[in-house]
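Close look at the chain arrangement
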Amino acid sequence: MVVELKSFRELLLKKADGNPTLQTIIDVMKDDLIANKVIESLEKMARPQASMGRSANAAVTAFGNQMKNKDVEMMRDALSHHVSHYKSALKNGQREIADKHLNQIIPLMH
């Protein structure tokens, strides 16, 4: 594990370029502490976010509970449409159009 953490430490140092205080902290951190922090961060990422769905009102919750497979497919199609058009607009330098699609993606995800 030491070899793997050495590479990870080097990556952290590279990302901290320009921040000498952070680089010093990374240099002196013990391998166990780095490993524990990485594991802790990954575990937090795997948990559902408190903001997602927890504040949904009764109407949204009822709608979600009554969704059928065809409804899920329609939601997926809508998301796919807006995501692909968003990426295409960004690629073509059309920021206003991209933002319009992004404004449709976010509510659909919630």
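Residues numbered from 1 in each chain as written. Predicted model: local features only at pLDDT ≥ 70, side-chain atom pairs only at ≥ 80, totals over all residues. Heavy atoms only, no water.

Within the fold, Arg-9 resides in helix 1 (residues 2–15). If we ignore the near neighbours within four places in the chain, the residues touching Arg-9 are Ile-26, Asp-27, Met-29, Lys-30, Asp-31 and Ile-34. (Helix = DSSP H or I, 4+ residues; strand = E, 2+ residues; numbered from the N terminus. Contact = heavy atoms within 4.5 Å.)

This part is about the packing of helix 5 (residues 69–91) against helix 6 (residues 95–109). Following both chains from N to C, one finds helix 5 and helix 6 inclined at 155 degrees, their axes separated by 8 Å at the closest point. With respect to helix 6, the element helix 5 is oriented roughly antiparallel. For the pair helix 5 and helix 6, the crossing hand works out as left-handed. On helix 6, the residues that touch Met-75, Ala-78, Leu-79, His-81, His-82, Val-83, His-85, Tyr-86, Ala-89 and Leu-90 of helix 5 are Arg-95, Ile-97, Ala-98, His-101, Leu-102, Gln-104, Ile-105, Leu-108 and Met-109. Residue composition of the contact of helix 5 with helix 6, by class: 13 nonpolar, five polar and one charged. (Axes fitted to C-alpha atoms, helices over the stretch in contact; angles between N-to-C directions. Parallel < 35°, antiparallel > 145°, perpendicular 65-115°, else oblique. Left-handed = near helix turned anticlockwise from the far one by under 90°. Nonpolar A, V, L, I, M, F, W, Y, C, P; charged D, E, K, R; others polar.)

Counting through the fold element by element, Gln-104 comes out in helix 6. Assessed through its relative accessible area of 41%, Gln-104 is described here as partly exposed. Spatially, the C-alpha atoms of Gln-104 and Leu-79 are 8.3 Å apart, while their sequence positions differ by 25 residues. (Buried < 20%, exposed > 50% of the residue type's maximum accessible area, 1.4 Å probe, protein only.)

Turning next to the nonpolar core. Soluble globular proteins tend to bury their nonpolar side chains together. Formed by Leu-79, Tyr-86, Ala-89, Ala-98 and Ile-105, the largest nonpolar core amounts to five residues. Looking at this core, the elements that each hand over two or more residues are helix 5 and helix 6. Dropping the residues within four chain positions of it, Ala-89 is found in contact with Gln-94, Ile-97 and Ala-98. (Core = buried A, V, L, I, M, F, W, Y, C linked by side-chain atoms within 4.5 Å.)

So, about the pattern of salt bridges. In this structure the tally under the stated criterion is four salt bridges. The closest approach of N and O atoms between Glu-73 and Arg-76, which form a salt bridge, is 2.8 Å. Of this pair, Glu-73 and Arg-76 both sit in helix 5, three residues apart, which is roughly one turn of the helix. Take Glu-73: its relative accessible area is 38%, and that puts it in the partly exposed class. (Salt bridge = Lys/Arg side-chain N within 4 Å of Asp/Glu carboxyl O.)

As a further point, take helix 5. Taking 1.5 Å per residue as the helical rise, helix 5 with its 23 residues ought to reach 33 Å, and the 33 Å between its terminal C-alpha atoms agrees with that figure. Among the residues of helix 5, those classed as buried are Leu-79, His-82, Tyr-86 and Ala-89. Where helix 5 is buried, its residues touch helix 6. Gly-93 lies just past helix 5 and shows a positive phi near 75 degrees. (Expected span 1.5 Å × (residues − 1).)

What follows concerns helix 6. Taking 1.5 Å as the rise per residue, helix 6 with 15 residues should run 21 Å; its terminal C-alpha atoms sit 21 Å apart, in good agreement. Here helix 6 has its buried residues at Ala-98, His-101 and Ile-105. Seen end-on, helix 6 carries its buried residues on one side only, within an arc spanning 70 degrees. For helix 6, the exposed residues lying more than 90 degrees away from the buried face are Glu-96, Lys-100, Asn-103 and Pro-107. Buried positions along helix 6 lie against helix 5. (Arc of directions from axis to C-beta.)

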